[in-house]
Every structure is written in structure tokens, then in C-alpha cells.
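Given next are the chains, with one letter for each unit.
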Amino acid sequence: AVSLDLVDGSLKATLWRMALYGGDGRGTLIVNVADPVPSFSGDIRLQGVDAGPMLNDAVGLDRLAGQGRLTLSISGEGRTADDIALSLRGNGAFAVDEGTIDGIAPPAIIRGLESGTFDVRRDSTAKTAFSLLAGSFDINHGLAKTRNLRLRSPSVSLDADGVVNLPRETLNILVNPGPVSKEQGGGVAAVAEHLAPLRIEGPLTGLRIGFADNALMAGSDGSGPVFSIPGLVLRERGSAKRRQLTD
């Protein structure tokens, strides 16, 4: 159920517990149109929702599936969509449990990196199962920053931090592959433990991926090339942490 209250040019909408995307949602939204510059603030809580359909409807993302939860406090002001995007501020957290990501197979990418091949083309048959995809974020002037984005699965463990530029619809994320025990990931573990950080950046409609300290990049729209890499940075040795290349 939704209740509406209008007081002195401010409209407050309260969403009581409501069935939403297979789960339930609640929250409040306040819109102030009495001031010279309209403003809004919102507080949203979602629990047990089907992340796939929700993300597809919200941002057109059709690769992720799983049961999710979200908390979001956000506010902004402006007369145009661009002004509002630049003013956005707030914070939130999300988690998706026991889900899948379509088109990406981290174990295959890691095995390719081990052999000197960097293949980032989308594989329509690939599906990565994970136990947890979660993180929190702060929003300031339209920039959503995270320092604890994490993915956990039997085959790979990833930690990431970075920023999403909401007005420009771009992102810049640094991904650090973590160690995976052999009992969980088989032969992949020995490689993932020493894999160099990767960077994902660019517009949301055409992301690029590459080594964090290397200009080598490739598109993620399914048409990106396969790179042959003569050596990969897999280990750091010595007090100065000199990078070693391994064929």
C-alpha cells in the first residue's frame, strides 16, 4: 500500500510493505516543489527481490540473476535530469545471494591469462555461479564510490573498488583477484592467487577491460579481440616488489 500526504508544497509518498519482484519493498519519497529549485529525498529498502528482472527494468542489465536486497538513501535537486544527476548524494548497500552472471566465465579467463591469451568476448553459453555479490557505496555530486565490492564463488574470489559517474554513465573499477583454495577451484587457484589487478572502465554501453598498469584494453560488447600476451605479471618478488614476467 502507498499513502500520500501533501503539506506546504511537499509531497510525501510512503510505501508500506509491498510485494515487489518476488520480494518486498518499503520506503519513503519526499518531493518538494515549493522552493525555486525542486528537490527530493528518498529512503528505500528492498528484501528478497529477484535481481534479474529488477535490474533489467531499471537499467537494462540482463546478465545478472539471483535474490537480492538493497538499502538506499538518496537526495537531489534540479530543474533538469542533468542537474539532478549532478546533485545526487546519499549512500546505500546491496547484496545478491546464490546468483549467476551470464556471458562471463572467470575460470576460463584466468586459464587464458595463464597461457598468454586475453579473451574478453562475451560467451553466450558461459554462466558464472556465485554465492555472494555485495558492496556498499557513497554518492556525492553524482559520483557513486565503493571500496568493498566483492564477488565470491567456488571458482574465483574478486574484490574491487572504484567509482560510477552517474551523470556521464561511465565507470572506473579496479578489480583484485584473490586466492581461491584448490578444494574450491581446482587448478585455477594457483593462478588466481598471483593474478595482476584488472581495470574495467569506460561508458556503461561499451566497457573496456585490461591490466591496471597497462594500456592494453579490449571491448566487452562481444566484439572485442583476443589478445596474445607474451608474458603475464603474476608474481612480485624482492623488497622492491619487482614485477616478474611469466610465460
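Let me begin by describing the structure that accompanies this report. (Residues numbered from 1 in each chain as written. Predicted model: local features only at pLDDT ≥ 70, side-chain atom pairs only at ≥ 80, totals over all residues. Heavy atoms only, no water.)

Assigned secondary structure in the protein chain consists of five helices and 17 strands. Counting all 247 residues of the protein chain, 36% fall into the buried class. Put simply, of all contacts in the protein chain between residues at least 6 apart along the chain, 44% involve residues at least 24 apart. Surface exposure of the protein chain reaches about 14,000 Å², of which carbon and sulfur atoms provide 55%. (Helix = DSSP H or I, 4+ residues; strand = E, 2+ residues; numbered from the N terminus. Buried < 20%, exposed > 50% of the residue type's maximum accessible area, 1.4 Å probe, protein only. Contact = heavy atoms within 4.5 Å. Areas by Shrake-Rupley, 256 points an atom, 1.4 Å probe, with all protein chains shown as cover.)

Turning to the nonpolar core, a few remarks are in order. One finds A160, L171, I173, V175, A196, L198, L207, I209 and F211 forming the largest nonpolar core, which totals nine residues. Looking at this core, the elements that each hand over two or more residues are β11 (170–178) and β13 (208–211). At three residues, β11 tops the list of elements feeding residues into this core. A51, V96, F130 and L151 belong to the second-largest nonpolar core, a separate cluster that totals seven residues. (Core = buried A, V, L, I, M, F, W, Y, C linked by side-chain atoms within 4.5 Å.)

Direction of pairing for strand β4 (residues 39–50) relative to strand β5 (residues 64–77): antiparallel, over a ladder of ten bridges. Bridge pairing links D50 to Q67 in β5. Relative to strand β6 (residues 89–102), β5 is paired through eleven bridges, and the arrangement is antiparallel. Paired with Q67 across the bridge in β6 is D97. (Pairing = 2+ DSSP bridges.)

Right, let's get into the pattern of salt bridges. Enumeration over the complete set of coordinates arrives at six salt bridges. In this structure, the salt-bridge partner of D24 is R17, at a minimum N-O distance of 3.6 Å. What makes R17 exposed here is its relative accessible area of 60%. The partner of D159 in a salt bridge is R152, and the shortest N-O contact between them spans 2.9 Å. What makes D159 partly exposed here is its relative accessible area of 32%. (Salt bridge = Lys/Arg side-chain N within 4 Å of Asp/Glu carboxyl O.)

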